[in-house]
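# Survey of secondary and tertiary structure
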Amino acid sequence: MAGEEEEPKSKGFRLLGILDVQNTPCSRDAILHGAGGSVTAGLLHFLATSRVRRSFDVGFAGFMLTTLGSWLYCRMNNAKLRVQQRMIQDGIKNQIVYEGTSRDPANKPEAGTPSGPS
Amino acid sequence: MAHPLQLGFQDAASPVMEELLHFHDHALMVVFLISTLVLYIILAMISTKLTNKFILDSQEIEIIWTVLPAVILILIALPSLRILYLMDEINDPHLTIKAVGHQWYWSYEYTDYEDLGFDSYMIPTQDLAPGQFRLLEADHRMVVPVESPLRVLVTAEDVLHSWAVPALGVKMDAVPGRLNQTAFITSRPGIFYGQCSEICGANHSFMPIVVEAVPLEHFETWSSLMLEDA
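Below you will find a few notes about this structure. Bear in mind the structure is a predicted one, so any value in this text is a computation, not a measurement.

### Looking at the overall build of chain B
When you go through chain B residue by residue, the secondary structure sums to three helices and 10 strands. Order of helices (α) and strands (β) in chain B, N terminus to C terminus: α-α-β-β-β-β-β-β-β-β-β-β-α. For 230 residues, the compact-globule estimate of 2.2 N^0.38 gives 17 Å, and the C-alpha radius of gyration of chain B, at 24 Å, exceeds that figure by more than 25%. For the C-alpha atoms alone, the extent of chain B along its principal axes is close to 85 × 40 × 35 Å. Of the contacts made within chain B by residues no fewer than 6 positions apart, 62% connect residues no fewer than 24 positions apart. Accessible area of chain B: about 13,500 Å², with a carbon and sulfur share of 62%. Here chain B holds 10 positive side-chain charges and 28 negative ones, and the gap between their average locations is 13 Å.

This is the structure we're talking about:
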């Protein structure tokens, strides 16, 4: 109902007006990793070659690759966790629904003993 | 439901909508990276002192700007196709509901077990109770059991309408003389709002859809009460 919101969602700062960094899972980590990778790559290149402009280009390329790599890695792990979570939820639901019946997943049939309600 | 000045999607209430949300985040990150790249290239072009007015071709750059967009498209297409096929999976529904669009209200029929049908009109603004949502509340909600696969057959009685509930990731056109099928599972109990999504006349904006997901025993109680009232 209006006026009874549980917790106000943080407004979320949007990078370039596009990416809601605070409310999108993995985005904050990806951007931070990208920033770190960018600074590292650019700095190392500059220390090795003393070329400023090219170092900026290398730094930017480092940002793109690190952000993308971190993003894909985090999202894959996230997706695996979601699948596991769904399987666990289904398992719990099946356990509750079928408990005490012949379809109970925890039932191990034993020889000579009837299973399920008579 | 949607809140004022909202830009993003509503919180997902079905597994399909969760997947759509995640795909949207992924696509948005790709868009963000491309935008950053373009911005950087623009700044680099503006600030460079190197100019060559006589470049005719360059194999290396042409290979890069052919292969890279292809890779990006594959990066977007693979999760997209995965969701496309996920949405088409046969899910053996527990319940079938018919949603019929009229000018200007929806009617719902639950005819699997008994003959239950009712109309769902928008509650006018002047009749709203405190806390109710303007242009979104309906006098009779479409009540469904939570976490049960459901099938909705959508059609229309007169003109084109469209049955849409953003939180469930569902939208299906209501075409007169045609039955369109959609399916969903609500992951959590709650009330989910939608609005007619195909222009259908003067009151097109005033025929909302309200889906209420409740536990099965509450759904059974509700359907018994509705049958008694009918």
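### With respect to the state of the cysteines
Inspection of every chain in the model, using the stated rule, returns one disulfide over all chains. Note on cysteine connectivity: A:C26 is disulfide-linked to A:C74, with sulfurs 2.0 Å apart. Across the disulfide from A:C26 to A:C74, rotation about the S-S bond amounts to roughly -70°, and the bridge is consequently left-handed. With A:C26 in the loop between strand 2 (19-20) and helix 1 (27-49) and A:C74 in helix 2 (residues 52-98), the pair connects residues that are 48 residues apart, well separated along the chain. In this structure B:C196 is a free cysteine whose sulfur lies 3.8 Å from that of B:C200, the closest cysteine sulfur available. Among the residues examined, B:C196 registers a relative accessible area of 7% and is labelled buried.

### Observations regarding the sheet that holds strand 4 (residues 142-145) of chain B
Residue and element names in this part refer to chain B. Read from one edge of the open sheet, three strands run 4-10-9, paired in mixed fashion. Both outer strands of the open sheet, strand 4 and strand 9 (190-195), are each paired with one neighbouring strand and no more. Along the sheet, successive strands turn relative to each other by an average axial angle of 25°, direction set aside. In this structure, strand 4 lies alongside strand 10 (residues 208-214), joined through four bridges in parallel fashion. Along strand 10, the bridge assignment pairs V144 with A213. Relative to strand 4, helix 3 (residues 216-229) is tilted by about 140°, and along the sheet it contacts strand 4 and strand 10.

### Description of helix 1 of chain A
Compared with an ideal rise of 1.5 Å per residue, which puts 23 residues at 33 Å, helix 1 of chain A spans 32 Å between its outermost C-alpha atoms and is within 8% of the ideal. Residues of helix 1 of chain A that are buried include every one of A:S27, A:A30, A:I31, A:G34, A:G37, A:S38 and A:G42, and no others. Looking at the buried positions of helix 1 of chain A, the neighbouring elements they touch are strand 1 (14-15), strand 2 and helix 2 of chain A together with helix 1 (15-47) of chain B. Within two residues after helix 1 of chain A, A:S50 carries a phi angle of roughly 60°, on the positive side.

### Brief notes about the packing of helix 1 of chain A against helix 2 of chain A
Residue and element names in this part refer to chain A. Here helix 1 crosses helix 2 at 150°, and the two axes come no closer than 7 Å. One element, helix 1, and the other, helix 2, form an angle in the roughly antiparallel class. Seen along the crossing, helix 1 lies across helix 2 with a hand that is right-handed.

### Section: the interface of chain A and chain B
Contacts between the two partners involve 27 residues from chain A, matched on the other side by 27 residues from chain B. Taken over both partners, the interface formed by chain A and chain B buries close to 2,500 Å², and the fraction arising from carbon and sulfur atoms is 67%. A salt bridge links A:R86 to B:E19, with the shortest nitrogen-to-oxygen separation between them at 3.3 Å. When residues of the side of chain A that touches chain B are traced back to their parent elements, those giving at least two are strand 1, helix 1 and helix 2 of chain A. When residues in the side of chain A that touches chain B are grouped by element, the largest group, 14 residues, is from helix 2 of chain A. Residues of the side of chain A that touches chain B, tallied by class, amount to 16 nonpolar, three polar and eight charged.

### Comments concerning the nonpolar core
Among the nonpolar cores identified, the biggest contains 35 residues, and B:Y108, B:Y110, B:M142 and B:W163 are the most heavily contacted of them. Among the nonpolar cores identified, the runner-up in size contains 11 residues, and A:C26, A:F60, A:W71 and B:M29 belong to it.

### Observations concerning the layout of surface pockets
Empty space among the atoms becomes visible once a probe the size of a water molecule is rolled across them. As a volume, the second largest pocket reaches approximately 1,600 Å³. If you go around the second largest pocket, you meet 38 residues; those closest to its centre are B:L37, B:Y40, B:I41, B:M45 and B:I61. Contributions of two or more residues to the lining of the second largest pocket are made by helix 2 of chain A together with helix 1 and helix 2 (59-87) of chain B. In the lining of the second largest pocket, the residues fall into 26 nonpolar, five polar and seven charged.

### Observations concerning the packing of aromatic side chains
Ring pairs (aromatic) are described by centroid distance and by the angle formed between their planes. Taken as a whole and assessed by the stated rule, the structure comprises 11 aromatic pairs over all chains. Residues A:F60 and A:F63 carry aromatic rings whose centres are separated by 6.3 Å and whose planes lie at 35° to one another, so their mutual orientation is tilted. Remark: A:F63 and A:F60 occur in helix 2; sequence separation between them is three residues, near one turn of the helix. A:F63 carries the same exposure label as A:F60, and that label is buried. An aromatic cluster is present here, built from B:Y108, B:Y110, B:F118, B:F219 and B:W222 joined pairwise through their rings.

Calculation notes
- Residues numbered from 1 in each chain as written.
- Chains lettered and ligands numbered in written order.
- Predicted model: local features only at pLDDT ≥ 70, side-chain atom pairs only at ≥ 80, totals over all residues.
- Heavy atoms only, no water.
- Helix = DSSP H or I, 4+ residues; strand = E, 2+ residues; numbered from the N terminus.
- Rg over C-alpha atoms; globule rule 2.2 N^0.38 Å.
- Contact = heavy atoms within 4.5 Å.
- Areas by Shrake-Rupley, 256 points an atom, 1.4 Å probe, with all protein chains shown as cover.
- Lys, Arg positive; Asp, Glu negative; His and termini not counted.
- Charge placed at Lys NZ, Arg CZ, Asp CG, Glu CD.
- Disulfide = S-S within 2.5 Å.
- Buried < 20%, exposed > 50% of the residue type's maximum accessible area, 1.4 Å probe, protein only.
- Pairing = 2+ DSSP bridges.
- Axes fitted to C-alpha atoms, helices over the stretch in contact; angles between N-to-C directions.
- Expected span 1.5 Å × (residues − 1).
- Parallel < 35°, antiparallel > 145°, perpendicular 65-115°, else oblique.
- Left-handed = near helix turned anticlockwise from the far one by under 90°.
- Buried area = accessible area lost by both parts, 1.4 Å probe.
- Salt bridge = Lys/Arg side-chain N within 4 Å of Asp/Glu carboxyl O.
- Nonpolar A, V, L, I, M, F, W, Y, C, P; charged D, E, K, R; others polar.
- Core = buried A, V, L, I, M, F, W, Y, C linked by side-chain atoms within 4.5 Å.
- 1 Å grid on protein atoms, 1.4 Å probe; cavity = no way out; pocket = protein on both sides within 12 Å on 5 of 7 lines; lining within 4 Å.
- Points joined across faces, edges and corners; volume = space filled by probe spheres on them.
- Phe/Tyr/Trp six-rings, centres within 6.5 Å; stacked < 30°, edge-to-face > 60°.

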